[in-house]
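Notes for the structure review
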Amino acid sequence: MKFLPFSFLLAFCSMASVYGFGGAPGGPFSNGQYFPNDGTYTAVVRGQNLVGTVNFSTSTTGGNGSAGVSTIYFDGNTYTGNSQGSYNAQGSTMVVNFQGASQAQGEGTFTSTNSTSGLVVTGSYFDSLSLNGEAQCRVKNAFPNQIFKGNGQAVFQNLDFSGQLPRLSKSLPIPVSVSGVRVADTASQFTPADVRPPSVSQYTETTP
């Protein structure tokens, strides 16, 4: 009887353990245990009076991933903007971020006079509705799919015109859930959106 060299048997066993006796990762006989770090993903974001989608890529050459896009519907308004995803293959985690805005009145100026001191306050503002969010997700490999689910929080903010001067409103936290899936094993390029949050410029006070 002819025996195979021990080195050959060791190499065969090592290869079998790496591939799980199912072939190379991603191949037709793979058990689906491994996915590349690069990829393109799509996910649904849900919360109270909130629903939307995010699409983003992860990339080993692009840090946290290439620019993604987001479209969120909240309380009757549409927020368009960007999204990002950071995939940790070793920890089986995914951090999903998104930023969006919906323009309201746009740019404007204001002037207010204090009747007691006689000081005149002037300034400018940009009126928009802002929605930013983040979710911590767990990643599960179920070949041929890779899915992720998690929870996080979105923050809504706008301008408050109820006083004499416009100012940023208090931030409104909104619990959200995220569920998504890998749609490609390569990173895609997205066109970044110009997201402009609400703001009030530094104003000056002068004596008339």
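These notes cover the structure that comes with them. (Residues numbered from 1 in each chain as written. Predicted model: local features only at pLDDT ≥ 70, side-chain atom pairs only at ≥ 80, totals over all residues. Heavy atoms only, no water.)

**Considering the packing of aromatic side chains**
Counting across every chain of the model gives seven aromatic pairs. Here the aromatic rings of Phe74 and Tyr79 are separated by 6.4 Å at their centres, their planes lie at 45°, and the arrangement is tilted. Per residue, the accessibility class of Phe74 equals that of Tyr79, and both read buried. Taking 5.6 Å as the distance between ring centres and 55° as the angle between the ring planes, the aromatic pair formed by Phe74 and Phe156 counts as tilted. Placement of Phe74 in strand E3 (residues 68–74) and of Phe156 in strand E7 (residues 145–157) is noted, with a sequence separation of 82 residues between them. In this pair, the class of Phe74 matches that of Phe156, namely buried. An aromatic cluster of at least three residues, connected via ring pairs, comprises Tyr41, Phe56 and Phe148. One residue, Arg196, lies across the ring of Phe126, its end atom 3.9 Å from the ring centre. (Phe/Tyr/Trp six-rings, centres within 6.5 Å; stacked < 30°, edge-to-face > 60°. Buried < 20%, exposed > 50% of the residue type's maximum accessible area, 1.4 Å probe, protein only. Helix = DSSP H or I, 4+ residues; strand = E, 2+ residues; numbered from the N terminus. Lys NZ or Arg CZ within 6 Å of the ring centre and 35° of its normal.)

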